[in-house]
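A closer look at the structure
Take a look at the letters that make up each chain.
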Amino acid sequence: MDDAPGAGRIALPEHVRSPWWQLSRRVMIALFILIGVVLIVFLDRDSYRDANGDNLSLIDSVYYTTLTLTTTGYGDIVPTSDHARLINAFVIAPARIAFLALLIGTIIEALAVRGREQMRITRWRKKMAHHVVVVGYGTKGRSAVDTLLNNGLERESIVVVDPSKTALEEAHSDGLAVVTGSSTRRDVLHRAGIATADQVIITTDRDDTNVLTTLTVRQLNPDAWIVTAAREQENAPLMKQSGANSVITSSDAVGRLLGLSSLSPTLGLVMEDLLTYGEGLEVAERDLLVGEVGKQPQQLPDQVIAVVRDERVFRYFDPVVTQLARGDRLIVVRPARELAWAPRPGTHGEDLADEDV
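1. Considerations on the pattern of salt bridges
Pairing between side chains of opposite charge can happen when the charged atoms of each approach one another. Here the structure, examined in full by the defined rule, presents nine salt bridges. The salt bridge involving Arg286 is made with Glu292; its shortest N-O contact spans 2.8 Å. Owing to a relative accessible area of 2%, Arg286 belongs among the buried residues under this scheme. In this structure, the salt-bridge partner of Asp302 is Arg286, at a minimum N-O distance of 2.8 Å. Of the two residues, Asp302 sits in the loop between strand E10 (281–287) and strand E11 (303–309) while Arg286 sits in strand E10, which places them 16 residues apart along the sequence.

What follows is the structure, encoded as structure tokens:
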């Protein structure tokens, strides 16, 4: 698929009005000055004479005003009365300066915009490391970004990669940096700083694009944690083989939720509660605290549903994690009001279980 013009271009969010709005505003001001001076000259036309000694017509007034504001001044039309000269000195001359300032300022700004943008991108590149790259800014991509932001990640630490103009506008309105282009192209991913990214979330609408993107990302960054969305369950193993650490099958997840809601409406409500951020219950990950070492998962105040030990996940009832040990991390269900995400070293200020005491 061919990329649109400007593919691979980095675009940082702006906090000012669009350039077209700025240009239109300046043009309108320049026209207002021009029309105002024309009216002044035309209403006082009896105080002016052309080279033939005749009074000015409307066309002569426009001609005189245009030449005067642009400092051309052929001298074929001149003010003949004292008050006309004073008007030229104290009204038309300042209008000329304002008119020229508008024109010159617009030209200089147009020339400087690209240079300023390049400087912003250069500074952004120097600071960009250990960030999150979100490939695809559709419904899934936006939801993923919302979750990251709601759990404390800074907007400056997120880069969106998407080829569409709509995604560019929406990501910019959300204050995110965007690299426009296909995620299957190495140069586009390089511009997004894929080599220094800690995490990559791939959420395009096509499984084949997700597979190829996953392969490319894994080649460029062997250490990144890659989460990929799959529309069909049959493509999940292929994405795993391509280098994805985690594959989320959207159609199966939605279908299962629909089925559960049909069989047990209350269970469906609970599942929806767990998937809805900031309300009711949340699933979170936290470190084990010193006072919890040696206890059973069921004895903790949080509802433990899994234990992470040596980078492996065990269900809370697994005999391996009957007693919690230093270095364990807990997957818990807790009230959403406690904190957006379980902080480290803990929710109540206790020491971590793997710290020296």
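2. Considerations on the pairing of strand E4 (residues 132–135)
Neither face of E4 is open: one carries Val132 and Val134, the other Val133 and Val135, and all of them are buried. Relative to strand E5 (residues 158–162), E4 is paired through four bridges, and the arrangement is parallel. Directly across from Val132, in E5, lies its bridge partner Ile158. The pairing of E4 with strand E7 (residues 199–202) spans four bridges and is parallel. Along E7, the bridge assignment pairs Val134 with Ile201.

3. What about the packing of aromatic side chains?
A complete count under the given rule lists one aromatic pair for this structure. For Arg45, the ring lying beneath its charged end belongs to Phe42, and the centroid distance is 4.3 Å.

4. What about the sheet that holds E11?
Taken together, four strands build an open sheet; the order of strands is E10-E13-E11-E12 and the sheet is antiparallel. In this open sheet, the two edge strands, each paired with only one partner strand, are E10 and strand E12 (312–315). Strand-to-strand twist in this sheet, taken as the mean axis angle between neighbours without regard to direction, amounts to 30°. Two elements, E11 and strand E13 (residues 329–335), share five bridges in a ladder whose sense is antiparallel. Across the sheet, Val304 pairs through a bridge with Val332, a residue of E13.

Scoring rules and cut-offs
- Residues numbered from 1 in each chain as written.
- Predicted model: local features only at pLDDT ≥ 70, side-chain atom pairs only at ≥ 80, totals over all residues.
- Heavy atoms only, no water.
- Salt bridge = Lys/Arg side-chain N within 4 Å of Asp/Glu carboxyl O.
- Buried < 20%, exposed > 50% of the residue type's maximum accessible area, 1.4 Å probe, protein only.
- Helix = DSSP H or I, 4+ residues; strand = E, 2+ residues; numbered from the N terminus.
- Pairing = 2+ DSSP bridges.
- Phe/Tyr/Trp six-rings, centres within 6.5 Å; stacked < 30°, edge-to-face > 60°.
- Lys NZ or Arg CZ within 6 Å of the ring centre and 35° of its normal.
- Axes fitted to C-alpha atoms, helices over the stretch in contact; angles between N-to-C directions.

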